[in-house]
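# Reading the structure
Read off the chains here:
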Amino acid sequence: MCGILCIFRCLSAVANGETGHGGGALALRELAFRQSSSQRHRGPDYTGVLADDVAGFALVQERLSVIGVKTGNQPFTSTDGTVHLVANGEIYNFRRMAGMIGEAYEPRSDCDVLVAFYERYGPTDLLTTVRGMFAFVCYDQKTGHLLVARDPVGIIPLYSGRSEDGALWFASEMKCLVGRCRQVAVFPPGHAYYGPPEASFDPQPYFSPPWLTEIPTMAADLVELRNRLEAAVESHLQCDVPMGALLSGGLDSSLIAAIAVRCLRRRTGDRSVRLKTYSIGLPGAGPDLHYARLVSEHIGSDHTEIHFTLAEGLDYIRDAVYHSETYDVTTIRCIVPVMLLARYIRSEGLKMVLSGEGADELFGGYLYFHRAPDAPEFHRETVRRVRGLHLSDCLRANKGCAAWGLELRVPFLDTDFLQYVMSIRPEDRIPGGGRPEKYILRKAFADGDYLPAEVLWRQKEQFSDGVGYSWIDTVSEWAASRVSDRDFERAAERFPVATPKTKEAFYYRQLFEERFPGTAYAQTVQQWTPRTDWGCAEDPSGRKQDVHRGVTVGQADFSVK
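Everything quoted here is computed from the prediction, not taken from an experiment.

### Section: the overall build of the chain
When helices and strands are tallied, the chain shows 23 helices and 17 strands. Its C-alpha atoms give the chain principal-axis dimensions of about 70 × 70 × 45 Å. In the chain, which comprises 561 residues, the share counted as buried stands at 61%. Summed over all atoms, the accessible surface of the chain reaches about 20,600 Å², with 48% contributed by carbon and sulfur.

This is the structure:
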């Protein structure tokens, strides 16, 4: 998981009157290198810098080498020296794109195809062809145009900003812009900007499927659903370094791990191949650990349990706010165990892990979806959740792992799989009437011995609950104890934008303001809450929903093709 930073049209070559170590003007290259240091944890393997004080641009990439380890250092420059690119992410169809460019072309890495494809086919064809998780900036000096794009869901983070001298900035993490940009925005998923850097910056959507605005009518095909998820996992396994999978013991991560094991054994022809899997929880307290063991034994993975204490988790709260760049209660609660897990995995030499993020948004897996008033409203809510992933689950998963230089991949959010699932009529996806949440996903894998029945039909347990119920209870009380009644009474005065409603939320907002001061930064945050207008509890914990039982829900009799 890499990090990128770009500055355009900073023509003065002097940064706010600062000086370098020798007392002279701070050059653009030094400015870019210095600001990008805030995200160097994303790419501990190499820092690449391309800067031109005369032309007024700088590109930086903090690299985590996963594909093309020896040849993939960025920034990439075209053969004629006029097109430059920095990218963060993985291009899963890069081999097919390379073949479209020509037989003589051999990509230096998966992201290298972006430059060559842009030169050959232009920006429009590039964006309609590419498949993967990505955020990239391509600068064409011949035309003076930028092409900036982010993947359809926003798996990979990207922020934009304007500095006081009018320069246009981009960065994978917002902390790189602090102290430089007063205007800051989240670059929207599924959008692209093509134009000169000095023009009015207005990204436009390139990903606009019908299901975003229409209610789908396609019936679910369980065989097709299974085949498409298996294809997504297969495509996400391209990797030149040691890899593994997160295994919480819930349905989603368990399916991804089970499919990955089958793919690896089929690819190698070796039935003894064992995928490394990892779970985390409070010792003796988390229900996830028990179910993860069952899955590991069933699929034959090389499994490791990581235990953490409540005190160790609380130690990370301040870091959690800093790395997640949010004050959202759900995200802070969840990202702490993610960071602890990622740190351990990275210490074992792995650079990439698979995960099950995204299934709950696609299939309506959160327990509050049981309260959906009807199928059309259910669909609209899944669309809202998918469109908000870049500010919730994707943000937490990406930044929590990137804090320790670990790449996380999410096959459920593969573009083609996403398109298929979201095009299924909501009547087939909605829970209720004896059907559990994510019924068609469970049913699609009911045959074939993918998972133990106890896991395949286990009720949804949110990650921050599953690590141990006492985690959320403790962190909520601990954070609230750090806010006085007097300070909380003045919450609206101190924080007029997104005023905290609880002392826990107030505490996280305080920590956020320390590192990211100002309204512009506060407005980049989205807060994750259930639908209170459906009669749901406002607290994001799944345990607060009235259907929560923490047990196996059982298979229902539901007639789906």
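### Quick look at the nonpolar core
Phe136, Phe170, Ile317, Phe363 and Trp471 are the most contacted members of the largest nonpolar core, which totals 177 residues. Filtering out sequence-adjacent residues up to four positions away, Phe170 remains in contact with Ile4, Leu5, Cys6, Phe8, Val137, Leu146, Val148, Leu158, Tyr159, Ser160, Phe187 and Phe201. By size, the runner-up hydrophobic cluster in this structure holds nine residues, among which are Tyr368, Ala372, Trp528 and Cys536.

### Notes on the sheet that holds strand E7 (residues 145–150)
With antiparallel pairing, six strands are arranged side by side in an open sheet as E4-E5-E6-E7-E11-E12. In this open sheet, the two strands that pair with only one neighbour each are strand E4 (76–77) and strand E12 (204–205). As paired strands, strand E6 (residues 132–140) and E7 are joined by six bridges and run antiparallel to one another. Its bridge partner being in E7, Phe136 is matched across the sheet by Ala149. Against the sheet, helix H3 (residues 112–121) contacts E4, strand E5 (83–91), E6, E7 and strand E11 (191–195), and its axis sits at roughly 130 degrees relative to E5.

### Some details on the pairing of E7
Within E7, five of the six residues are buried, which leaves it mostly tucked inside the rest of the structure. Count of turn residues in the E6/E7 antiparallel hairpin: four residues, of which Gly144 carries a positive phi of about 75 degrees. Of the strand pairs in this sheet, E7 and E11 are connected by four bridges, and their pairing is antiparallel. If you follow Leu146 over to E11, its bridge partner there is Gly195.

### Digging into the pattern of salt bridges
Applying the stated rule across the entire model yields 38 salt bridges. Here Arg531 and Glu381 are joined by a salt bridge, their closest N and O atoms 2.7 Å apart. Here Arg531 is found in the segment after helix H23 (519–522), whereas its partner Glu381 is found in helix H12 (residues 375–387), with 150 residues between them in sequence. Using a relative accessible area of 14% as the deciding quantity, one classes Arg531 as buried.

### Side note on the confidence of the model for the chain
Confidence in the prediction of the chain, expressed as mean pLDDT, is 92, and 92% of residues score 70 or more. Across residues 12–17 the pLDDT falls below 50, and counting only partners more than four positions away or on other chains, this stretch makes 10 contacts in the model. Per-residue pLDDT stays below 50 along residues 19–24; that stretch engages in eight contacts with residues further than four places along the chain or on separate chains.

### Digging into unusual backbone geometry
Residues Gln74 and Pro75 are joined by a peptide bond in cis, for which omega reads 5 degrees. By secondary structure assignment, the location of Pro75 is in the loop between strand E3 (57–63) and E4. Positioned with a positive phi, Glu325 is a non-glycine residue whose angle comes to about 60 degrees. Backbone geometry places Lys438, a non-glycine residue, at a positive phi of 60 degrees. Counting through the fold element by element, Lys438 comes out in the loop between helix H15 (426–429) and helix H16 (439–444).

Reading guide: rules and limits
- Residues numbered from 1 in each chain as written.
- Predicted model: local features only at pLDDT ≥ 70, side-chain atom pairs only at ≥ 80, totals over all residues.
- Heavy atoms only, no water.
- Helix = DSSP H or I, 4+ residues; strand = E, 2+ residues; numbered from the N terminus.
- Buried < 20%, exposed > 50% of the residue type's maximum accessible area, 1.4 Å probe, protein only.
- Areas by Shrake-Rupley, 256 points an atom, 1.4 Å probe, with all protein chains shown as cover.
- Core = buried A, V, L, I, M, F, W, Y, C linked by side-chain atoms within 4.5 Å.
- Contact = heavy atoms within 4.5 Å.
- Pairing = 2+ DSSP bridges.
- Axes fitted to C-alpha atoms, helices over the stretch in contact; angles between N-to-C directions.
- Salt bridge = Lys/Arg side-chain N within 4 Å of Asp/Glu carboxyl O.
- pLDDT = per-residue confidence, 0-100.

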